[in-house]
Amino acid sequence: MTEKKKLLLIDGNSVSFRAFFAMHNVLDKFVSGDGIHTNALYAFNNMLEIVLKDEKPTHALVAFDAGKTTFRTEMFSDYKGTRAKTPPELMEQLPLIQELLNLRGIKTYELKNYEADDIIGTLSKEADEDNMDVTVITGDRDLTQLTTDKVTVKVNVKGVTETEAYTPEHVKEKLGITPEQIIDMKGLMGDNSDHYPGVEKVGEKTAIKLLNEYDTMENLYEHVDEMKKSKLKEHLINDKDQAFLSKKLATINKEAPIEIKLTDLEYQGDNQEQLIKFYQKLGFNSFLERMNVEPEQTQEALSEIKYSELNDEAAKNILNSTEPQTLIIESFGSNYHLDPIIGLAVKSGDNYYATTDISILENPDLKAWIEDESKEKYTFDNKKTIALLHRYGCDLKGVSFDMLLVSYLLDTNDNKSDIGIVSQNYGYNLPMEEEFYGKGVKKAVPEDDHVLMNFLSQKTKIIAELKDKMMSELKDNDQDSLYDEIELPLSNVLAEMEIKGVKVDATRLKEMENTFATRLTEIEQKIYKEAGQEFNINSPKQLGVVLFEDLKLPVIKKTKTGYSTSVDVLEKLKDKSPVVQMVLDYRQISKIQSTYVVGLQKFIQQDNKIHTIYLQTLTQTGRLSSIEPNLQNIPIRIDEGRQIRRAFVPQHEDWEMFSADYSQVELRVLAHISGDEHMQEAFKEDYDIHAHTAMRIFGLNSTEDVTPDMRRQAKATNFGIVYGISDYGLSQNIGITRKQAAAFIDSYFEQYPGVKKYMDDIVKYARENGYVETIMHRRRYLPDIHSKNFNVRNFAKRTAMNTPIQGSAADIIKVAMINMQKMLDKENLQANLLLQVHDEMIFEAPKEEIPILEKLVPSVMDSAVKLDVPLKVESAHGKTWYEAK
DNA sequence: TGTTTCACG
DNA sequence: ACGTACGTGAAACAT
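Residues numbered from 1 in each chain as written. Chains lettered and ligands numbered in written order. Predicted model: local features only at pLDDT ≥ 70, side-chain atom pairs only at ≥ 80, totals over all residues. Heavy atoms only, no water.

In the nomenclature of an unreviewed UniProt entry, chain A is known as DNA polymerase I of Companilactobacillus baiquanensis. Under the UniProt heading Sequence similarities (unreviewed entry), the entry covering chain A gives this text: "Belongs to the DNA polymerase type-A family." (UniProt positions renumbered as here; feature names shortened; annotations may be inferred.)

Caption draft 1: Broad picture of the protein's contact with DNA strand C. Taken together, 37 residues lie near DNA strand C, and Asn536, Ser539, Ser625, Phe790 and Phe795 sit nearest. A breakdown of the atoms of DNA strand C within 4 Å of the protein gives sugar and phosphate a share of 63%. With respect to DNA strand C, the backbone of Gly720 contributes an N or O atom lying 3.5 Å from a base nitrogen. The element best represented in the surface near DNA strand C is helix 36 (residues 790–826), accounting for eight residues. Class assignment of the residues belonging to the surface near DNA strand C gives a composition of 10 nonpolar, 20 polar and seven charged. (Near = heavy atom within 4 Å. Polar contact = N/O pair within 3.5 Å; in protein donor to acceptor, adjacent residues only side chain to side chain. Helix = DSSP H or I, 4+ residues; strand = E, 2+ residues; numbered from the N terminus. Nonpolar A, V, L, I, M, F, W, Y, C, P; charged D, E, K, R; others polar.)

Caption draft 2: Structural detail: the protein's contact with DNA strand B. Contacts to DNA strand B come from 23 residues, most closely from Arg587, Lys591, Ile636, Arg637 and Asp839. One nitrogen or oxygen atom from the main chain of Thr565 is found 2.7 Å from a phosphate oxygen belonging to DNA strand B. One of the backbone N or O atoms of Ile636 is found 2.6 Å from a phosphate oxygen in DNA strand B. Grouping the amino acids of the surface near DNA strand B by side-chain chemistry returns seven nonpolar, 10 polar and six charged.

Caption draft 3: Seen up close, helix 18 (residues 382–391). Of all 10 residues in helix 18, seven are buried, a share of seventy percent or more. Looking at helix 18, one finds that the buried residues are Asn382, Lys383, Thr385, Ile386, Ala387, Leu388 and Leu389. (Buried < 20%, exposed > 50% of the residue type's maximum accessible area, 1.4 Å probe, protein only.)

Caption draft 4: Molecular detail of the nonpolar core. Membership of the largest hydrophobic core comes to 185 residues, with the highest contact counts inside it found for Met403, Tyr662 and Met679. Tallying contributions element by element places helix 36 first for this core, with 13 residues. Judged by nonpolar contacts, the second largest core, of 48 residues, contains Ala127, Leu175, Met185 and Ala256. (Core = buried A, V, L, I, M, F, W, Y, C linked by side-chain atoms within 4.5 Å.)

Here it is, written out as structure tokens:
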């Protein structure tokens, strides 16, 4: 029995283009030793890895364009006329990509006067006739015309590692036409990027409609006279020649005079030896890892540092030095509140010290140095380092450079939490944590202590060497005070909050667990009875079958895997069957039970407290996030869930929980940065802002005429504005038509012209500068603002509008937290700041201190920054978190 | 490992 | 004509 043959055809030029732009933002970070860019090469190879694994081809070829002139330019001199020429940074990579393919055992081919498309078209047809399966990989949708039962065309979506697979069925489903009709469609609609015209005013939708009626362009033109008089008919007649020319240009030539045979295309597999050399030359460490190149070899790439044992004598030297020194405390695991320290390294001047003997932390000299605020230190992740050392009895002070925080401020875009990635971005060859320790079952501390100590010493070296460069980048961005005055001091405050932890009443949670378990069983039985069958209510798939097939409820929305059963869908089906309400109830309770009642108990430590971890360098806007567990999403909106808050208690008897939150910070921030007069006035006069908005957009004379429903709609509109309004989004949210929503927005902008101007200006700013920033100069880069894709671009626009608002609000509470901690210290209060939930702070305090906090906290919070409108703070307190609201 | 759902601001 | 609200984390299921 012969194995089925499979041919892989890759459109070399279009995938290289895609690869280049997918990694355009890291262009400068991917440069080889001899100064050649390698970003496209890297991304291309990433794609290859995935494709080879998925497709397992027996034959493969990558086709390239041969040059500028082809048979198409002879037909139409302006073909691809306006296309920007290939950037030189990509040009220089094309030979490398060919070399890579050669080493990976894949043939490449180009043919004078023909495009890569034509080579692929010709070969895929040949292979099809030979009964081979064919997969085509391309960034160009036009190639979907080649789709047949045997030929699948996979088109890159966002980047190059993900593709959308086009079979004839998928083409039909997506476009409503057959693959053969695609050229007719292109003929009618033309192509902007290839710069051929088609018929005036005919786009994709119209073209498809016409083809559904007339099947082919030829048939359409045979019957064009019978069409009833319309602009469309006129355009069709006027542009007939162009349409036929465009169709010809769009048609991939399946008879190109290629000199290569299918049998020449056998996939050879990697030339291991040469490929390793190639990767090494380019510093492609992650690919080397994937080839299972012996760890020794990868380690070799990491140069050796001459370090000595971090012992008593070294500790003395460290303490005696007056220079800033670099410190790495390494833990192993995912939660630094529990993980053990496995090693330490200090760079002191030109000396490197490292050890895996943790008892050195008992050395008085080392401890004195760690705890001396005047001894300046550099590190990566100050908060984590503080938390780790705290558990070993040391109180770290004096960190002035935290490489993690700085790299986050410089660019929030990609994952900065790994020192290996940050180092690689600056041209250093340091493995990522996962590369060094391994992943999954293979994850382990290196057996050889020397390997670990060398790794830690490398870290200290890189941190020390990059400090000046990164700090000067901060200064260039005008972000030095954001770092010095906010993020770095905040990391100390957050460390204290995490270490302090919040006490949780486990008994209470246990009681709730039993109550909810009983209720869940009850509802479950009722649902089974009503539905006439038993099934897993938690399975969207099974629930979908019961609701939409067995009970035949109308399908409101679909997900990519089946029926949607989300709340907004179920809400609409409530009166159609009693099961729906039961399912909603079940969902609600089940969520509370699994995520909170049961989930939280798992995080209660020996001290009866929960110690969350705040991620200070994750969000794109500057907010914090909280994990293991997330204490920023404890239920409040519905009372059953809100009961969870009764389990959060102060750590001592006779203490209380105290919480203070900003009222409408984001809208106040908007009023400030937009400078809108009317909105500012509303806040200065302390009006009910949503009622005020309702009054204005509904054209009333007084807020007394505002009905509760008007206020509700105005409130939703205010939210929409903050999120970067769209009529559709608003209409969905408050259940009105899109037209009505659009009218709302128009009237909103009329009433608050300053807001309108802000929205326009900020998008323009993003386009011109490539980023937006907050009041404290926190930046978010928005490369997508230039995207050709409508959706992607619009998303970037909304982000541009929202980020300065959400981000400035985040800045404000961060300042308030720092000031608050200072104030508690200064006033010698026992109260502890425990939690932050975006616009509120939660404290525990002795009862006697509550009256003090009631004055102090709001005054610190509302004076955190000076805006053109006042900030307003509300507070509450009680025996548990539940009462403190 | 990805998808869906839902908790919060 | 395009298809959406902004920012998060966790649990459960399906693959």
